[in-house]
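Examination of the molecular architecture
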Amino acid sequence: LDQSHYDTIVLGTNLTESVIAASVARAGKEVLHLDEHGFYGGHQTATLSWSEFREFMTNEKLAEETLNVPEGLLGKLREYNMDLVPIPVLSAGPLVQLLVRSNVGRYLEFKCVDSCYMYMPWKEKDKDKLQRVPGSKGEVFKSKALGFKQKTLLMNFMNKCMQYVAAMEEEEEDKQEEKKEDSNTEEEETQKKPSKSNDSAFEKQVKEFADKPFNAFLDAQNITNDLRTFVLYALVQHQYADDDKAHPLTTKDAMKALQHYLSGVGKYGHTSFL
C-alpha cells in the first residue's frame, strides 16, 4: 500500500460494512476497506460465478452436501451466477413498501425476477426435478409439475386466497381511513361503522384455523402431497420442514405471507420478486 496511515479500518464488505465505510469516507476520513475473501460481499451479499461458487463451497467443506445437482439439470453453467444468500424481495412486501414511503427507493434500482423454479428431488426423472413456479392462471395449466386435478385444486385455492387478500387489503384501507378521521367531538368518537358480516365460507375457515397449524387448514382445503409442498415452499416461502415442531406455521402467518406473495404477482412483472 502506498499509504500507511488511515483514520478508519473496516473489515468485511457486507452491506453493513460497506455503508459504514462509505459514510466515514464521505465525512472526509481516510478509510481502508478490507475483506478476507477474493470477492466483494462476504457471506451475505456476494454473487459468484458457478466456478467461484464451487471453489468457495469446497473451501468451506460443504461441496458434497450442497453441490449434489443432477448432471445437465441446470443447462449451461456459464449462464448462472450464484448468490451465497438469496436476495430477492417481495414486490408487495413490507421492505419495498418502506423503501417507497421513505423515498429511499429513488436511489435504488430494482429488476423484476423473470422466473422462479422449485427443486423437487423426489421426482423420478432428473428433467422433472426442477419445475418453474407458475405466476399466472395460464402458467398453472402449462406446468408439468402438477396433474390436471391438482392444477384445478390449485387454481380454486389461489382464487379464494386472492379474494381473501383483496378483502383484507380493503379492511386495512378502512382502518387507515378511520385513523385519519377527525374525532374532536364526543359524537364522532362514539360513532362506529357497521361491521361487515358477509364473510365468505373461505374467510370463515381462515378465521377458524387462524391459530391452528397451516397443514390442518390445507387438509380442510384438500391440498395434499405435491400440491401442499408447492403451496408451502413456492407460495408461502416457508423455510422449515412442514412437520418441524420447533418452527410451527400457523394459518394466520401463512395467509399473511400469501397476501404479500399474491399482491405482488403482476405488480412489476411475471413474478412477485424484485
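One can find the structure itself at the top, above this paragraph.
How each quantity is defined
- Residues numbered from 1 in each chain as written.
- Predicted model: local features only at pLDDT ≥ 70, side-chain atom pairs only at ≥ 80, totals over all residues.
- Heavy atoms only, no water.
- Core = buried A, V, L, I, M, F, W, Y, C linked by side-chain atoms within 4.5 Å.
- Buried < 20%, exposed > 50% of the residue type's maximum accessible area, 1.4 Å probe, protein only.
- Helix = DSSP H or I, 4+ residues; strand = E, 2+ residues; numbered from the N terminus.
- Contact = heavy atoms within 4.5 Å.
- Salt bridge = Lys/Arg side-chain N within 4 Å of Asp/Glu carboxyl O.
- Expected span 1.5 Å × (residues − 1).

Membership of the largest hydrophobic core comes to 38 residues, with the highest contact counts inside it found for Leu154, Phe157, Phe214, Val231 and Met255. Only helix H7 (148–180), helix H9 (201–208), helix H10 (214–220), helix H11 (225–235) and helix H12 (251–264) provide two or more residues apiece to this core. When near neighbours in sequence (up to four residues on either side) are disregarded, Met255 contacts Cys161, Tyr164, Phe202, Val206, Phe214 and Phe217. With 9 residues, the next largest nonpolar core counts Leu48, Phe56, Met57 and Leu84 among its residues.

Attention shifts here to the pattern of salt bridges. A side chain of one charge can pair with a side chain of the opposite charge if their charged atoms are brought near each other. Counting across every chain of the model gives 3 salt bridges. Here Lys111 makes a salt bridge to Asp114, at a shortest N to O gap of 3.3 Å. Taken as a pair, Lys111 and Asp114 share a single burial class, namely exposed. In this structure, Asp211 and Lys252 form a salt bridge, with 3.3 Å as the shortest nitrogen-oxygen distance. With a gap of 41 residues between them, Asp211 in the loop between H9 and H10 and Lys252 in helix H12 connect regions that are remote in the sequence.

Right, let's talk about H7 for a bit. The terminal C-alpha atoms of H7 lie 48 Å apart, and with 33 residues this matches the ideal 48 Å at 1.5 Å per residue to within 8%. The complete set of buried residues in H7 reads Lys151, Leu154, Met155, Phe157, Met158, Cys161, Tyr164, Val165, Ala167 and Met168. Where H7 is buried, its residues contact helix H6 (137–142), H9, H10, H11 and H12.

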